[in-house]
Amino acid sequence: MLSCLTQWICNTVLHMNSGDDKDQFAIFVLALLLTGFALHNMAPLIVFAAIKHKYITASVEPESPGAPLDGGVSSGRLGDLDFAEAGILGPENGGFGPDMWRGADRALVEALLPKIPASTASPTLQKLTRRLLLSAATPPEGESGPVSLIGLRLGKLIEAGQFASAGQLAALTGGASKDDALLQARAQIALATGEFKTACDLAMAQVKSSEAIFWLKLSGFCHVQNGNEAGAQLTASLVAEQDPDDSGYQNLLNALMAKSGKLPQALPRLDIIQLAMIRFASLPLPAKIDGNASAGILKLMAEMPGAPVPQRLTAAERAEALGALSAEEVALLYAEMPFSVEDRGRAPELVKKLPAAEANALMFQSVRGQDSPASLSLALSAAWRLARASNSFATVSRVNLVPVRDMIPAPEMIGIAADAGRALLAAGDPGAASRWYEMARALSLSGNNPVAASAANNLWPLLRLAQPVAVMPDNPGEISAWLAQLSPEDRQKKAPLLLPLMSALDLATPESEWIGMIAGQDKAEAAAMPPAALLHLLMEASQSGRVGQTVLLSLACLGENAAGLRDPLLLGMIVRALNAAGLRDEASALALEAALLAGI
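Remember, it's a predicted structure, so these values are computed and weren't measured experimentally.

**Points about helix α24 (residues 430–444)**
Thinking step 1. Over its 15 residues, α24 extends 21 Å from the first C-alpha to the last, a length consistent with the 21 Å expected when each residue adds 1.5 Å.
Thinking step 2. Residues of α24 that are buried in the fold lie against α23 (417–426) and α25 (450–466).

Here's what the structure looks like:
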């Protein structure tokens, strides 16, 4: 009888969703207590467990290419209709903690979230963004704006291609909702995962009451799926009237209605609805990818079912660089390219005739086919050289991480020491990179090995930024010695970035080096800086240890696509702010990525 009663109580509570149900729930519990069915206080415990399961706690495993974040606990206050507290990361697995918005103004947070770069080539910024958006935390003080905090967070996750994490976060928001941003996010997640019926059910419900053109466009696609040509034509007319610039949608909808089986020529900028239409009709992907395509769009193109591998490769490389696809997924695509044994043997010659992504795939297969350290060194060197030419060095380094990490540095490999170290640093393994540096430094001590000396000089500043003082002791004389061996042109280019980064990480930078840098600064172009108010708030937040605000303001200051990573002054301020807020490892990793990006 006890087990039956327990099941009945749990089922009753788990089906209470509406406000009226919650009133019924209170009466229900009171009745239990008054009638003696509490069974020695067990029923209240059972009820609390059921509430916790339904509204408060969920275990998930968020998507996190390149550097997985473990699954964690999310929380939200019972009855909080905007679900601003919901999150899938806690402090124990990467979350910033429940008080991450302590002292923050909600209006400012909601104004800045749309401005943070969701598509950036910095793995550190990608991880910080995911942690910011996925952390369970008490919401900032103040009234919610026209777009809910949960809707803004989900929108950014979708833009970044984090569909699995977005789906897990959206699942915490229950069933029925009047939040249009939240509902749009749910529909986009459904489209991204091929659940077209779920997306269309939402569209048919929302198009009647919402003025958002998203629902109108989605309903047109749904009419095509349902064979309702009249409804699709009417929707096409309404969309053309309300959004005449979206020729891509019009062309795709017409192609679907005509069942032409051909991809329209004019598709200026793809979105999730258009990619869902392409997937539904099994149309080919566009030959040319928009240079401004978001990480989410690139991920969907890279994973398009049935599309030929060569079509998906370019999108996959770009999606990996932006953190939307893992290096392992790119490696699988590289391996699928149909190259023969003979092709792999002639790889250095054949790559000159191939598109960049296919050439990288051929070199990947060539690297995997080597059976000696000498041949592997040659193949890797060719792969890195090719990747630099196509601006895909970081992606190729991550895809080839295992064979490089497994190599044991030896004097006969000194020719690839600099490239191997840089590749390992780009792939996030400074420990393995330091082995190549130590070998090069040891070989250079004799004074008659210029290749070793060059490799050691090449790697020293990068490892100085990447390694903590406990591993690589801080020596003020080393930076002066390193700068002294540069040509005047190199010194003028590298010192203005390296000195601020080292200083921001609390590393010694002699005053004489700063003074020596002044002369060349008259010729430097002044970069566009973020508003002074944002920089002031950033400094205040970091000095107060307010992590959530520090990360949000840092991302906002860097601007679209994190263009600020190339500005030494702004970059130094952001690295210093992250360091001051207790994010030393993240500050160091960001400094390293900026140095690699700048060619230091």
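**A look at the packing of helix α10 (residues 213–225) against helix α12 (residues 247–258)**
Thinking step 1. Between α10 and α12, whose axes approach to 10 Å, the crossing angle comes to 15 degrees. Taken together, α10 and α12 sit at an angle that is classed as roughly parallel. The chirality of how α10 crosses α12 is left-handed. Facing Leu216, Lys217, Gly220, Phe221 and Val224 of α10, the residues of α12 in contact are Tyr249, Leu253, Leu256 and Met257.
Thinking step 2. When its residues are assigned to classes, the contact of α10 with α12 shows 7 nonpolar, 1 polar and 1 charged.

**Brief notes about the nonpolar core**
Side chains of nonpolar character tend, in soluble globular proteins, to be buried together.
Thinking step 1. Counting residues in each nonpolar core, the largest one holds 186 residues, and the members touching the most others are Leu132, Leu218 and Trp436.
Thinking step 2. Looking at which element gives the most residues to this core, the answer is α25, with 9 residues.
Thinking step 3. In this structure Trp436 touches Met407, Pro409, Met413, Ile416, Ala417, Ala420, Gly421, Leu424 and Leu459, once residues within four positions along its chain are discounted.

**Things to note about the state of the cysteines**
Thinking step 1. Tallied over the full model, the rule gives 1 disulfide.
Thinking step 2. A sulfur-sulfur separation of 2.1 Å characterises the disulfide bridge that pairs Cys200 with Cys222. Handedness of the Cys200-Cys222 disulfide follows from its S-S torsion of about -95 degrees: it is left-handed. Here Cys222 lies in helix α10 and Cys200 lies in helix α9 (residues 196–206), a separation of 22 residues in the sequence.

**Description of the environment of Ala335**
Thinking step 1. Structurally, the position occupied by Ala335 is in helix α16 (residues 327–336).
Thinking step 2. Distance from Ala335 to Arg368, taken between C-alpha atoms, is 9.5 Å for residues 33 residues apart in sequence.
Thinking step 3. In contact with Ala335, other than residues within four places in its own chain, are Phe364 and Gln365.

Thresholds applied
Residues numbered from 1 in each chain as written. Predicted model: local features only at pLDDT ≥ 70, side-chain atom pairs only at ≥ 80, totals over all residues. Heavy atoms only, no water. Helix = DSSP H or I, 4+ residues; strand = E, 2+ residues; numbered from the N terminus. Expected span 1.5 Å × (residues − 1). Contact = heavy atoms within 4.5 Å. Axes fitted to C-alpha atoms, helices over the stretch in contact; angles between N-to-C directions. Parallel < 35°, antiparallel > 145°, perpendicular 65-115°, else oblique. Left-handed = near helix turned anticlockwise from the far one by under 90°. Nonpolar A, V, L, I, M, F, W, Y, C, P; charged D, E, K, R; others polar. Core = buried A, V, L, I, M, F, W, Y, C linked by side-chain atoms within 4.5 Å. Buried < 20%, exposed > 50% of the residue type's maximum accessible area, 1.4 Å probe, protein only. Disulfide = S-S within 2.5 Å.

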